[in-house]
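A structural walkthrough
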Amino acid sequence: SATYSPDWSTPYLRGIAFTARWYEFEAHRTGADLGNELDLEIAAELTPHISLQFRQGEYQGGDAGSPGERRRTWLALEYKR
């Protein structure tokens, strides 16, 4: 994985962070290719108490018998005291 946090910010977004994660899945016993996944994420603070996160993951299946291809998207809003 790799994360980049730029030095700049906007009036409404502070502490911006861009993250990319790569996964390769393999069966422990047989070594069969179970696919790979790329996750991309952007997170930032809207206020000192509220943060926003957008995340997308894309999975591609491997050998026969591995799960089907999937794409998922998350949007999260978090409140901290």
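Residues numbered from 1 in each chain as written. Predicted model: local features only at pLDDT ≥ 70, side-chain atom pairs only at ≥ 80, totals over all residues. Heavy atoms only, no water.

Focus on the overall build of the protein
Let me state the cut-off plainly: Helix and strand definitions follow DSSP, with helices as H or I runs of at least four residues and strands as E runs of at least two, each counted in order from the N terminus. For the radius of gyration, the atoms used are the C-alpha atoms, and the globule rule reads 2.2 Å times the number of residues raised to 0.38. With a 1.4 Å probe rolled over the protein chains alone, any residue whose accessible area is under 20% of its type maximum counts as buried; one over 50% counts as exposed, and the rest are partly exposed. Whether two residues are in contact is decided by their heavy atoms, any of which lying within 4.5 Å being enough. Here the accessible surface of atoms and residues is derived via Shrake-Rupley with a 1.4 Å probe, and residues count as covered only by protein chains that are part of the display.
Looking only at helices and strands, the protein features 0 helices and 5 strands. Ordered by position in the sequence, the α and β elements of the protein form the string β-β-β-β-β. For the protein, whose C-alpha radius of gyration is 17 Å, the value lies well above the compact-globule estimate of 12 Å for 81 residues. For the protein, with 81 residues in total, the buried portion stands at 17%. Put simply, of all contacts in the protein between residues at least 6 apart along the chain, 32% involve residues at least 24 apart. Accessible area of the protein: about 6,400 Å², with a carbon and sulfur share of 53%.

Some points on the pairing of strand S4 (residues 50-60)
In plain terms, the rule: Pairing between strands is defined by DSSP: at least two bridges between the two strands are required.
With 10 bridges connecting them, strand S3 (residues 33-45) and S4 associate as antiparallel partners. Bridging from a neighbouring strand, Leu-40 pairs with Gln-56 of S4. Counting the residues between successive antiparallel strands, the hairpin from S3 to S4 contains 4 residues. As paired elements, S4 and strand S5 (residues 70-79) share 10 bridges and run antiparallel to each other.

Some words on a negative patch on the surface
Selection criterion: Exposure above 30% relative accessible area and no salt bridge define the residues that can form patches, which grow by joining like charges within 9 Å and nonpolar side chains of Val, Leu, Ile, Met, Phe, Trp and Tyr within 5 Å. Salt bridges are identified by distance alone: a Lys or Arg side-chain nitrogen within 4 Å of an Asp or Glu carboxyl oxygen. When charges are counted, neither His nor the chain ends are considered; positive counts come from Lys and Arg and negative counts from Asp and Glu. In plain terms, the charge of a residue is placed at NZ if it is Lys, CZ if Arg, CG if Asp and CD if Glu.
On the surface, Glu-24, Glu-26, Asp-33 and Asp-63 cluster together into a patch of negative charge. With relative accessibility at 63%, the residue Glu-24 sits in the exposed group.

A few points about the environment of Gly-61
Tracing the backbone shows Gly-61 in the loop between S4 and S5. As for Gly-61 and Arg-29, which are separated by 32 residues in sequence, their C-alpha atoms are 18 Å apart. Not counting residues within four places of it along the chain, the set of residues in contact with Gly-61 comprises Gly-35, Ser-66, Pro-67 and Glu-69.

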